[in-house]
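Secondary and tertiary structure notes
The lines below spell out each chain.
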Amino acid sequence: AADAQPVRNDMLFFGSCHADPSFDVMLANFAGLIEGAPETILESTTLSRAELEEGVAALREWGKRSDAALWYVTCWAEGRREGGATSEAGKTKTKTGASSVTDPEGTAPRIAPRSS
């Protein structure tokens, strides 16, 4: 909120590779982020809904490869409103994200930004 004073900000790293026991959960979370925001994605890209769905399916299939690895960072900012020094209600937290997928063979799905 505009009246919140900055307290801290950070970048939270999420990443894994196919050999890591947490990879399936990480991949499911990443795909879920995409599946949870179809309207936002479709409004800001040239993808059709079918292409988006095909891309998520391809991402899940790509995740079965032994060389699959993914990582992304979520930016986190925290502010505090006057009088909210220690209460959770006095904090304003927002987050935005970016992602990256390793793909040496060029087979991972791509989401291209809409050109202006």
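As shown above, the structure is provided for reference.
Right, let's walk through the structure included here.

About the criteria used
- Residues numbered from 1 in each chain as written.
- Predicted model: local features only at pLDDT ≥ 70, side-chain atom pairs only at ≥ 80, totals over all residues.
- Heavy atoms only, no water.
- Salt bridge = Lys/Arg side-chain N within 4 Å of Asp/Glu carboxyl O.
- Helix = DSSP H or I, 4+ residues; strand = E, 2+ residues; numbered from the N terminus.
- Buried < 20%, exposed > 50% of the residue type's maximum accessible area, 1.4 Å probe, protein only.
- Expected span 1.5 Å × (residues − 1).
- Arc of directions from axis to C-beta.
- Phe/Tyr/Trp six-rings, centres within 6.5 Å; stacked < 30°, edge-to-face > 60°.

Within this structure, the stated rule accounts for six salt bridges. The closest approach of N and O atoms between Glu39 and Arg49, which form a salt bridge, is 2.4 Å. In this pair, Glu39 is assigned in helix α2 (residues 38-44) and Arg49 in helix α3 (residues 49-62), connecting sequence segments ten residues apart. Linking Arg65 and Asp67 is a salt bridge whose minimum nitrogen-to-oxygen distance equals 2.7 Å. The partly exposed category is assigned to Asp67, whose relative accessible area is 35%.

This part covers α3. Look at α3: 20 Å from first C-alpha to last across 14 residues, which is about the 20 Å you get at 1.5 Å a residue. For α3, the complete set of buried residues consists of Leu52, Gly55, Val56, Leu59 and Trp62. The arc that holds every buried residue of α3, seen down its axis, measures 125 degrees, which confines them to one face. Across from the buried face of α3, at angles greater than 90 degrees, the exposed residues are Glu53 and Glu54.

Inspection of the entire model under this criterion finds two aromatic pairs. When the centroid spacing of 5.4 Å and the interplanar angle of 20 degrees are considered together, the rings of Phe14 and Tyr72 count as stacked. With Phe14 in strand β1 (residues 5-17) and Tyr72 in strand β2 (residues 69-80), the pair connects residues that are 58 residues apart, well separated along the chain. Phe14 gets classed as partly exposed once you look at its relative accessible area, which sits at 31%. Classification of Tyr72 as buried rests on a relative accessible area of 5%. Aromatic side chains Phe30 and Tyr72 sit 5.3 Å apart centroid to centroid with 35 degrees between the ring planes, which places their arrangement in the tilted category. Taken together, the positions of Phe30 in helix α1 (residues 23-35) and Tyr72 in strand β2 put the pair 42 residues apart, joining distant regions of the chain.

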